[in-house]
Amino acid sequence: QVQLVESGGGSVQAGGSLRLSCAASGRTFNTYGMAWFRQAPGKEREFVAAISWRDGNAYYKDSVKGRFTISRDSAKNTVYLQMNSLKPEDAAVYYCAVRVRLTYSFYAQTDYDYWGQGTQVTVSS
């Protein structure tokens, strides 16, 4: 089992920044990658960003490229999401997820095995 705890959500005005953190604990030695998804009210949960635990390669949803940065601290089993130039459409509950098996994609929810409880991000215009 792996436990994930997110933090760093909050309310900002458009153009502002937030940094989300997600700390993993438990059986983390098989971590292949971690990711952030988000879900806005009335919408499906969607992929935001992912990072490979082995080589640090990062992948992003097109609409956040250049504004969001995913990073990891392997020693702390923690993944971060730096969000800059936030827009009202970025408002959502952000979920952290971890992948403990080898998969050939990392954009789908089904690629991930454990999930955090989510942290709210509110962006006012």
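Above this text you will find the structure in question.
All values reported here derive from a predicted model rather than from experimental measurement. (Residues numbered from 1 in each chain as written. Predicted model: local features only at pLDDT ≥ 70, side-chain atom pairs only at ≥ 80, totals over all residues. Heavy atoms only, no water.)

## Overview of the environment of Phe 29
- Following the sequence through the fold, Phe 29 ends up in the loop between strand E3 (18-26) and strand E4 (33-39).
- Sequence separation between Phe 29 and Val 100 is 71 residues; the distance between their C-alpha atoms is 8.4 Å. (Helix = DSSP H or I, 4+ residues; strand = E, 2+ residues; numbered from the N terminus.)

## Let's talk about the packing of aromatic side chains
- Using the criterion set out here, one finds 7 aromatic pairs in the structure.
- Their ring planes at 75° and their centres at 5.5 Å tell us that Phe 37 and Tyr 112 sit as a pair that is edge-to-face. Of this pair, Phe 37 sits in strand E4 while Tyr 112 is found in the loop between strand E9 (92-99) and strand E10 (114-115), placing the two residues 75 residues apart along the sequence.
- The class for Phe 37 is buried, based on a relative accessible area of 1%.
- Ring centres of Tyr 112 and Trp 115 lie 6.4 Å apart, and the angle between their planes is 70°; this geometry places the pair in the edge-to-face category.
- Tyr 112 gets classed as buried once you look at its relative accessible area, which sits at 6%.
- The exposure class assigned to Trp 115 is partly exposed, which follows from its relative accessible area of 24%.
- Members of the aromatic cluster, connected to one another through ring pairs, are Phe 37, Phe 47, Tyr 59, Phe 106, Tyr 107, Tyr 112 and Trp 115.
- Between Arg 45 and the ring centre of Tyr 95, over which it is positioned, the NZ or CZ distance is 3.7 Å. (Phe/Tyr/Trp six-rings, centres within 6.5 Å; stacked < 30°, edge-to-face > 60°. Buried < 20%, exposed > 50% of the residue type's maximum accessible area, 1.4 Å probe, protein only. Lys NZ or Arg CZ within 6 Å of the ring centre and 35° of its normal.)

## Digging into the sheet that holds E3
- Pairing in this open sheet of 4 strands is antiparallel, and the strands run E1-E3-E8-E7 from one edge to the other. What marks the edges here is a single partner per strand, and that holds for strand E1 (2-7) and strand E7 (68-73). Adjacent strand axes in the sheet meet at a mean angle of 15°, parallel and antiparallel pairs treated alike.
- One ladder, built from 6 bridges, connects E1 with E3; its direction is antiparallel. Across the sheet, the residue bridging to Glu 6 is Cys 22, located in E3. (Pairing = 2+ DSSP bridges. Axes fitted to C-alpha atoms, helices over the stretch in contact; angles between N-to-C directions.)

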